[in-house]
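# Reading the structure
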Amino acid sequence: MNKNNADVFAKTVDEYLATHQVTGIGDYAGFVRFAETEPVKGVVTAEVTPAHKARKVRFWGALEHLPLMRAWGLDVAEFDPDAAARGCCPDVIFCHLQPGYSRGDVDQILGAVRLGTHFVTLQNTDSWSAVFAKRFGCNYDGVLTIGSDAEGGVFFANCPKLFEGFPEGRLGADVLPFMGGNRHSMYLTGDRCLLGAADMKKRRIATSIAQYAYGKGAITLVGPCAKDLNKTGADYKRLLLNLITLLPPVCGAACR
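Described in the following lines is the structure provided in the data block. Just so it is clear, the structure is predicted and the values come from calculations on it, not from any experiment.

## So, the side chain of Thr 220
As for its position among the elements, Thr 220 is in strand E10 (residues 217–222). The buried category is assigned to Thr 220, whose relative accessible area is 0%. In this structure the side chain of Thr 220 is engaged in a polar contact, spanning 2.8 Å, whose partner is the side chain of Gln 211. Excluding residues that lie within four positions of it along the chain, Thr 220 makes contacts with His 118, Phe 119, Val 120, Thr 121, Leu 194, Ile 209, Ala 210, Gln 211 and Leu 243.

## Examining the environment of His 52
Tracing the backbone shows His 52 in helix H3 (residues 50–53). A residue is classified by how much of its surface remains accessible, and His 52, at 5% relative accessible area, is buried. Among residues more than four places away in sequence, those in contact with His 52 are Glu 47, Leu 74, Leu 241, Ile 244 and Thr 245. Polar contacts involving the side chain of His 52 include one to the main-chain amide nitrogen of Thr 49, which spans 3.0 Å.

## Topic: the environment of Arg 86
Its location among the elements puts Arg 86 in the loop between helix H5 (81–85) and strand E3 (92–95). We classify Arg 86 as exposed; its relative accessible area is 54%.

## Section: unusual backbone geometry
At Asn 124, a position not held by glycine, the phi torsion is positive, near 55°. Along the chain, Asn 124 turns up in the loop between strand E4 (118–121) and helix H7 (125–135). Residue Asn 124 is classed as partly exposed on the basis of its relative accessible area, which comes to 22%. In this model, Arg 203 sits at a positive phi of 60°, which is unusual for a non-glycine residue.

## Observations concerning the nonpolar core
Generally speaking, a soluble globular protein has its nonpolar side chains buried in company with each other. Membership of the largest hydrophobic core comes to 40 residues, with the highest contact counts inside it found for Val 57, Phe 59, Met 69, Phe 94, Leu 162, Leu 176 and Leu 243. When residues of this core are traced back to their parent elements, those giving at least two are strand E1 (56–60), helix H4 (65–71), E3, strand E8 (192–199), strand E9 (204–214) and helix H8 (234–244). Top contributing element to this core by residue count: H8, with 6 residues. Excluding its chain neighbours within four sequence positions, the residues that come into contact with Met 69 are Val 57, Phe 59, Leu 74, Val 76, Phe 94, Leu 240 and Ile 244. Core analysis: the next-biggest nonpolar cluster, separate from the first, contains 20 residues, Val 106, Trp 128, Met 186 and Leu 188 among them.

## So, the packing of aromatic side chains
A ring pair, where both rings are aromatic, is described by two values, the distance of the centres and the angle of the planes. This structure, assessed with the given rule, holds 14 aromatic pairs. Centroid distance Trp 128 to Phe 132: 5.3 Å. Interplanar angle 20°. Geometry classified as stacked. In this pair, Trp 128 and Phe 132 both sit in helix H7, 4 residues apart, roughly one turn of the helix. You'll find Trp 128 and Phe 132 in the same group, each marked buried. Following the ring pairs from residue to residue traces out a cluster consisting of Trp 60, Phe 119, Trp 128, Phe 132, Phe 136, Tyr 212 and Tyr 214.

## A few points about the packing of helix H6 (residues 105–115) against H7
For the pair H6 and H7, interaxial distance at closest approach is 12 Å and the crossing angle is 70°. In terms of orientation, H6 and H7 fall into the roughly perpendicular class. In this structure, the crossing between H6 and H7 has a hand that is right-handed. The segment H6 lies against H7, with Val 106, Asp 107, Ile 109 and Leu 110 engaging Trp 128, Val 131, Phe 132 and Arg 135. Taken together, the residues that form the contact of H6 with H7 break down as 6 nonpolar, no polar and 2 charged.

## Structural notes on the side chain of Arg 58
Mapped onto the secondary structure, Arg 58 falls in strand E1. Residue Arg 58 is classed as buried on the basis of its relative accessible area, which comes to 15%. A distance of 3.3 Å separates polar atoms of two side chains, one belonging to Arg 58 and the other to Asp 75. Aside from chain neighbours lying at most four places away, what touches Arg 58 is Asp 75, Val 76, Ala 77, Glu 78, Phe 79, Pro 90, Val 92, Ile 93 and Phe 94.

The rules behind each value
Residues numbered from 1 in each chain as written. Predicted model: local features only at pLDDT ≥ 70, side-chain atom pairs only at ≥ 80, totals over all residues. Heavy atoms only, no water. Helix = DSSP H or I, 4+ residues; strand = E, 2+ residues; numbered from the N terminus. Buried < 20%, exposed > 50% of the residue type's maximum accessible area, 1.4 Å probe, protein only. Polar contact = N/O pair within 3.5 Å; in protein donor to acceptor, adjacent residues only side chain to side chain. Contact = heavy atoms within 4.5 Å. Core = buried A, V, L, I, M, F, W, Y, C linked by side-chain atoms within 4.5 Å. Phe/Tyr/Trp six-rings, centres within 6.5 Å; stacked < 30°, edge-to-face > 60°. Axes fitted to C-alpha atoms, helices over the stretch in contact; angles between N-to-C directions. Parallel < 35°, antiparallel > 145°, perpendicular 65-115°, else oblique. Left-handed = near helix turned anticlockwise from the far one by under 90°. Nonpolar A, V, L, I, M, F, W, Y, C, P; charged D, E, K, R; others polar.

Okay, structure coming up:
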């Protein structure tokens, strides 16, 4: 990287860090020190606990996850928009569908989130990023797809609760195999970075798992996705389990 390119990338990283607080990395020099550390190796643990089983988890699309999570002993079912319209909202909604799948669905989702639901995209995250950024007066400027560790790809985890059970240190391909080649991240403003990503060769930095707080709940936009559930392991299971308990449950009122 020549000096001019390095200076431009340094400015880009500093601008990113100015709007996305990242624990332990305050400026470009700190980012470079982090990026130059070796990716961590280790085992991901994925134990299902009573806290996971206590959550009401619903899927909007992605129904192939239902038998998977039922086998884990979780309270999972298909999302019921009529129940949500009555104010009976689940703790977590995992979504695979495109926004605009049905009339008014974005408003309905925001209504549930406002009451305390955690809405998580597992697919079509680029489309949802554009929708929510616009709703919140923020910007979405597309997707960054980074390469492997050897190709200059760097992940930086920024939410200890989301990465409980993962080895401590710079996460690499060895502990995130579910991502495969789908190492996507989003150019967003106004979001909280839960997992950041940079491509040292393309000299770009963005957010792989972004979050917008809204009302009593939150919207979490997961860029990397698992294409084939039959090929996922403890890393994907643990990420889903941590997403399920990332926020406090909704009010807990009985559904009628």
